[in-house]
Structure formats: structure tokens, C-alpha cells
Amino acid sequence: MLKGGVIMDVVTAEQAKIAQKAGACAVMALERVPADIRKQGGVARMSDPKLIKEIMAAVSIPVMAKCRIGHFAEAQILESLGIDYIDESEVLTPADNAFHVDKHQFKVPFVCGATNLGEALRRLHEGAAMIRTKGEAGTGNVIEAVRHMRKMTGDIRALKKMSESQLQSYAKKERVPLSLVKSIKTHQKLPVVNFAAGGIATPADAALMMQLGCDGIFVGSGIFKSSNPAKLAKAIVQATTHYKEPMILADISKGLGQPMKGDEISTLSTKLAERGW
Amino acid sequence: MPIQIGVLALQGDFREHSEVLRKLGCRPVEIRKKEDLKTIKGLIIPGGESTTISKLLKEFKLNQNIIELHKKGIPIYGTCAGAIVLAKDIHNYPKQPSLGLINISIDRNAYGRQIESFEENISIRGEKKPFPAIFIRAPIIKEIGKNVEILAKQNGNPVLIKEDSILVSTFHPELTEDTRIHKMFLEMIKKAK
């Protein structure tokens with residue numbers, strides 16, 4: 001049960017233990033954090049199963065791992081390892097230019113990124129059990145996650161005023177069943193949780209995303225690229241609980257050391273959020 | 001005025017519990033700090049990650065206040081991770097801190113990993129209709145003290161139990177439309193008054 005919690009990217013069993021100790025509700029087992037994938041370039045793939053197994057053995061909280069978009073064989077391998085969730089992630093190099101993984105073929109739950117409602121609905125229709133903003137991973141810059149969350153909320157609200165024929169053309173344009181669109185219109189929320197991801201680097205970032213209506217937080221490069229990971233990790237967990245309390249947030253945010261340096265979005269050569277269809 | 005029931009809102013599915021309470025005509029109060037505990041007549045500790053919830057309980061010094069609440073006779077209901085937080089003993093993680101308010105020994109993640117999560121109809125003592133119980137990385141209650149009543153079992157293991165003013169389920173009734181277990185908890189609160 002991940003709601004209201006923080007999921008942290010880790011690249012070693014040691015980091016996984018630090019994350020668990022800080023109060024993470026799950027960890028994402030990776031070979032490289034997004035900031036390093038960005039810097040080093042090349043094709044980014046599923047992590048070594050040996051590393052994933054080591055991380056699974058090191059902690060008692062759920063462990064997630066990433067597969068490439070559309071790479072159902074990587075997903076099958078991850079499922080066979082007994083991983084708790086699979087993130088079909090734009091942070092890795094996509095493997096299929098037309099299709100995402102048919103997630104209904106799996107028992108393990110999937111989380112997928114989305115920049116707007118249409119994208120989220122396509123992922124849900126394919127069987128995703130959890131959605132997250134794409135943000136812009138590895139930048140330590142929260143602006144894209146904010147953009148995606150606001151867009152999602154706005155898109156859901158816009159359904160309210162749509163007529164039957166407008167709903168039909170929206171469903172057609174987004175290539176999703178009309179029944180799914182109608183159910184979102186009625187409930188005014190996604191049927192699954194929507195976490196914030198991509199660029200969250202400080203407790204204040206986490207509080208911002210929670211106030212915008214996210215159900216929880218993914219922190220990638222932010223923690224282990226900072227000068228004091230254990231302290232920052234704990235602070236982000238606390239901020240995710242006390243997101244509505246500026247006085248507590250001020251206290252939590254004191255003396256955390258240097259956060260990751262981060263990137264201005266306009267300087268990026270590759271925008272990961274544009275991957276996926 | 002509707003009766004106020006606290007829902008521990010540190011992490012986990014506290015919103016779902018609040019929804020059920022609202023449906024039953026109560027006023028849910030999200031509990032994040034000790035000051036929030038003042039007016040409540042009952043407390044729910046939701047499902048979530050028990051390591052996360054225990055840590056935040058300690059960091060925001062809620063532990064002692066919840067124990068005080070219990071001493072005053074205020075009923076507490078824990079689901080899944082909440083059951084672990086309330087247990088006297090966490091059998092396979094003995095070092096993990098807990099509130100120790102119910103005499104049970106519990107095993108964390110006892111059914112296996114996420115993929116071993118399941119839903120099953122169980123029968124509850126005194127209820128004709130089966131209850132759709134959702135188990136997510138659920139714990140198993142290994143041993144119970146002599147005053148613990150078993151209200152439901154799954155595969156031979158107790159999954160819904162009660163001791164005095166503490167109610168515990170290892171599954172998640174807040175994720176179903178069935179409100180009978182929350183009603184049972186409300187009855188405990190009414191009797192405690």
C-alpha cells in the first residue's frame with residue numbers, strides 16, 4: 001500500500017537500506033539514476049537481475065524495477081524475479097515505437113508515466129495499475145512534473161462540460177474506450193493512484209506536488225545526488241505527510257546540505273517526457 | 001454533531017477509511033500530529049507500509065499519545081499495516097517498533113510479495129453473508145493471547161480479531177463497498193462511551 005508515501009531510486013543494496021531507514025514506502029532498483037543516464041548517454045536498459053535480487057534481499061519494503069517502453073520480454077524477466085511493481089519507463093530507451101507493453105498479460109502491477117489524461121487513459125486501458133507524472137527525470141527541476149499534474153487535473157475537469165458528442169470525439173482522438181472517458185467524467189478522478197515523478201529534489205518540491213493533488217512521490221536522482229542523502233530522504237518522507245503545514249516543512253527543510261545541482265529544461269538535448277505514445 | 005473518528009494520516013490509504021466513515025455518518029479527522037487526537041472517540045490505523053508508519057509515529061511523537069488514548073478506553077482499529085503497528089510482537093522483524101496494544105504475534109509480508117496479493121470471501125462470526133476480503137502483502141497472525149477473540153479466519157489463520165477495545169484485520173475492508181466491519185467498529189465506540 002504505497003499511498004501517501006515516497007518511492008526512492010536506489011542503485012545498491014546499501015542505498016536501499018538507507019531509503020528504508022528513512023521511511024520510504026518502496027524503492028526503485030536501478031543500475032544508474034536518471035541524472036547519470038542523462039549524462040552518460042547510450043542505450044538505457046533493464047537493470048542486471050543480480051542487482052535487483054540483492055536489493056530485494058536487503059529490504060522488507062516493496063521493490064520496483066524499470067523495463068523499457070514496449071519491452072515485454074524485460075517485463076517478463078522482472079516478473080519472474082518476483083519484483084513487486086514494474087515501471088514501464090521513459091527514463092530507459094524505448095524498445096517499441098508503436099506499442100506499450102500489454103500489461104493485462106501480467107500478474108505483477110505496472111506503473112506508467114503520463115503527461116496528460118489521454119496518455120494516462122491509454123496506459124490504464126493497457127492494464128496499468130498506477131500512474132505517475134513523467135516530469136523530466138534526472139533534472140532536479142520540478143517544473144515539468146507540475147505542468148503534467150496541472151494538465152491532468154485540468155483535463156479531468158474539462159470532461160465535466162463536454163457533451164456526448166464531444167466525449168466521443170475526445171475518446172476517439174485519444175484512442176481510448178468511451179466508457180473509460182465517461183467513468184472519469186463521473187468520478188472526476190483517475191481510478192488508480194497518480195504519483196508525482198520527474199524532478200522532485202527537496203521537501204518543498206514534495207509538498208508542492210502533494211498540494212497539487214498527487215497521491216505520493218517518486219524521488220529519483222534527487223536523494224543520492226545530494227550531499228546528505230539519509231537526511232534529505234527522511235525530510236522528503238516527512239514533507240510528504242505534513243505537506244499542508246509550512247511550519248513543520250520549514251523545520252524539516254533546515255540544514256539539509258546541498259541538493260542536486262539540476263538542469264534548466266531549455267538546455268536539455270533529450271526530453272524524456274516526449275518518449276511514449 | 002456527528003461522532004469524530006480519527007484516521008492516522010501519516011501514510012497509507014487513510015482517504016479510503018475517511019470515505020467509509022463519512023458514508024456511515026461520522027466525521028473523519030486526519031491525524032498527523034498529537035494535537036489532532038484531542039476530540040476523537042475512536043482511531044483507525046490504516047493500511048500502508050508498516051515501517052514508514054512506525055517511523056513517522058516515532059518522529060512526530062504520536063506513540064505515547066496513542067497509548068494514552070487506549071488507556072482511556074478509546075477504541076482503535078488497525079487494518080493490514082495498522083495490525084502490525086498495533087501488535088505486541090512482530091515475529092519476523094522483532095526489532096521493528098510497534099505500539100504493542102494487542103496480544104498477538106504477527107508475521108509481516110507473510111503471504112509473499114505483491115504478486116501474492118489476493119481477494120477471497122471469508123465468513124465473519126455472526127454474519128450470514130460472506131465478506132470480500134482483500135489481502136495486499138498482508139501479514140499473518142501467528143499467535144494470539146488468551147483474551148483475543150477470533151471473528152474470522154482465512155486458511156486457518158485469524159484475519160479479524162478483537163481484544164477489549166482493539167479491533168484488527170489483516171485485510172482491507174476500506175477498499176470494498178462493504179461497510180460491515182467499520183460498522184462493527186462504530187458499535188465498539190458506542191459501547192465505550
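Figured I'd write up the structure that's included with this text.

1. Looking at the overall build of chain A
In step 1: What chain A contains, in helices and strands, is twelve helices and eight strands.
In step 2: In terms of C-alpha radius of gyration, chain A reaches 18 Å, essentially the compact-globule figure of 19 Å for 277 residues.
In step 3: If one aligns the C-alpha atoms of chain A with their principal axes, the spans along those axes are about 55 × 45 × 35 Å.
In step 4: In chain A, which comprises 277 residues, the share counted as buried stands at 60%.
In step 5: For chain A, long-range pairs separated by at least 24 residues make up 65% of all intrachain contacts whose partners lie at least 6 apart in sequence.
In step 6: Here chain A displays about 11300 Å² of accessible surface, and carbon together with sulfur accounts for 53% of that area.
In step 7: Positive and negative side-chain charges in chain A, numbering 37 and 28 respectively, have mean positions lying 4 Å apart.

2. Brief notes about the overall build of chain B
In step 1: The helix and strand inventory of chain B stands at five helices and twelve strands.
In step 2: For 193 residues, the compact-globule estimate of 2.2 N^0.38 gives 16 Å, and the C-alpha radius of gyration of chain B, at 15 Å, lies within 12% of that figure.
In step 3: Taken over the C-alpha atoms alone, chain B extends approximately 40 × 40 × 30 Å along its principal axes.
In step 4: Evaluated residue by residue, chain B yields a buried proportion of 60% over its 193 residues.
In step 5: Considering only contacts in chain B between residues 6 or more positions apart, those separated by 24 or more positions represent 64%.

3. A word on the sheet that holds strand 9 (residues 140-144) of chain B
Residues and elements named next belong to chain B.
In step 1: Spatial strand order, 5-6-9: three strands in an open sheet with mixed pairing. Either end of the sheet is taken by a strand with one partner, and the two such strands are strand 5 (87-90) and strand 9. Shown here is a sheet whose adjacent strand axes are inclined to one another by a mean of 35 degrees, direction ignored.
In step 2: Two strands pair when backbone bridges link them, and strand 5 and strand 6 (residues 102-107) are joined in this way by three bridges, in the parallel orientation.

4. Notes on the interface of chain B and chain A
In step 1: At the interface, 29 residues of chain B touch 34 residues of chain A.
In step 2: Summing both sides of the interface, chain B and chain A together bury roughly 2500 Å²; the carbon and sulfur share of this comes to 51%.
In step 3: Sorting the residues of chain B by area buried against chain A places Arg113, Gln114 and Ile115 of chain B first, and these three jointly supply 25% of that buried surface.
In step 4: Our count for the chain B to chain A interface comes out at seven salt bridges.
In step 5: Lys244 of chain A is paired through a salt bridge with Glu30 of chain B; the nearest N and O atoms lie 3.9 Å apart.
In step 6: If you look at where chain B meets chain A, you find 19 residue pairs in polar contact (both at pLDDT 80 or more).
In step 7: Examining the composition of the side of chain B that touches chain A, we find that five residues originate from one element, helix 2 (residues 50-59) of chain B, more than from any other.

5. Quick look at the packing of aromatic side chains
In step 1: Enumeration over the complete set of coordinates arrives at eight aromatic pairs over all chains.
In step 2: With 4.8 Å between their ring centres and 15 degrees between their planes, Phe118 of chain B and Phe135 of chain B make a pair best called stacked. Taken together, the residues span a long stretch of sequence, with Phe118 of chain B in strand 7 (residues 118-122) and Phe135 of chain B in strand 8 (residues 131-135) at a distance of 17 residues.
In step 3: Relative accessible area serves as the criterion here: at 22%, Phe118 of chain B is assigned to the partly exposed category.
In step 4: On the basis of relative accessible area, Phe135 of chain B is assigned to the buried category, the value being 1%.
In step 5: Put simply, the rings of Tyr111, Phe118, Phe131, Phe135 and Phe171 of chain B pair up and form one aromatic cluster.
In step 6: The ring of Phe110 of chain A is capped by Lys103 of chain A, whose NZ or CZ atom sits 6.0 Å from the centre of that ring.
In step 7: In this structure, Arg108 of chain B packs its charged tip against the face of Tyr93 of chain B, placed 4.6 Å from the ring centre.

6. Some thoughts on the side chain of His242 of chain A
In step 1: By the secondary structure assignment, His242 of chain A is in the loop between helix 11 (229-241) and helix 12 (246-252).
In step 2: Excluding residues that lie within four positions of it along the chain, His242 of chain A makes contacts with Ile248 and Leu249 of chain A together with Arg32, Lys33 and Phe60 of chain B.

Cut-off values and rules
Residues numbered from 1 in each chain as written. Chains lettered and ligands numbered in written order. Predicted model: local features only at pLDDT ≥ 70, side-chain atom pairs only at ≥ 80, totals over all residues. Heavy atoms only, no water. Helix = DSSP H or I, 4+ residues; strand = E, 2+ residues; numbered from the N terminus. Rg over C-alpha atoms; globule rule 2.2 N^0.38 Å. Buried < 20%, exposed > 50% of the residue type's maximum accessible area, 1.4 Å probe, protein only. Contact = heavy atoms within 4.5 Å. Areas by Shrake-Rupley, 256 points an atom, 1.4 Å probe, with all protein chains shown as cover. Lys, Arg positive; Asp, Glu negative; His and termini not counted. Charge placed at Lys NZ, Arg CZ, Asp CG, Glu CD. Pairing = 2+ DSSP bridges. Axes fitted to C-alpha atoms, helices over the stretch in contact; angles between N-to-C directions. Buried area = accessible area lost by both parts, 1.4 Å probe. Salt bridge = Lys/Arg side-chain N within 4 Å of Asp/Glu carboxyl O. Polar contact = N/O pair within 3.5 Å; in protein donor to acceptor, adjacent residues only side chain to side chain. Phe/Tyr/Trp six-rings, centres within 6.5 Å; stacked < 30°, edge-to-face > 60°. Lys NZ or Arg CZ within 6 Å of the ring centre and 35° of its normal.

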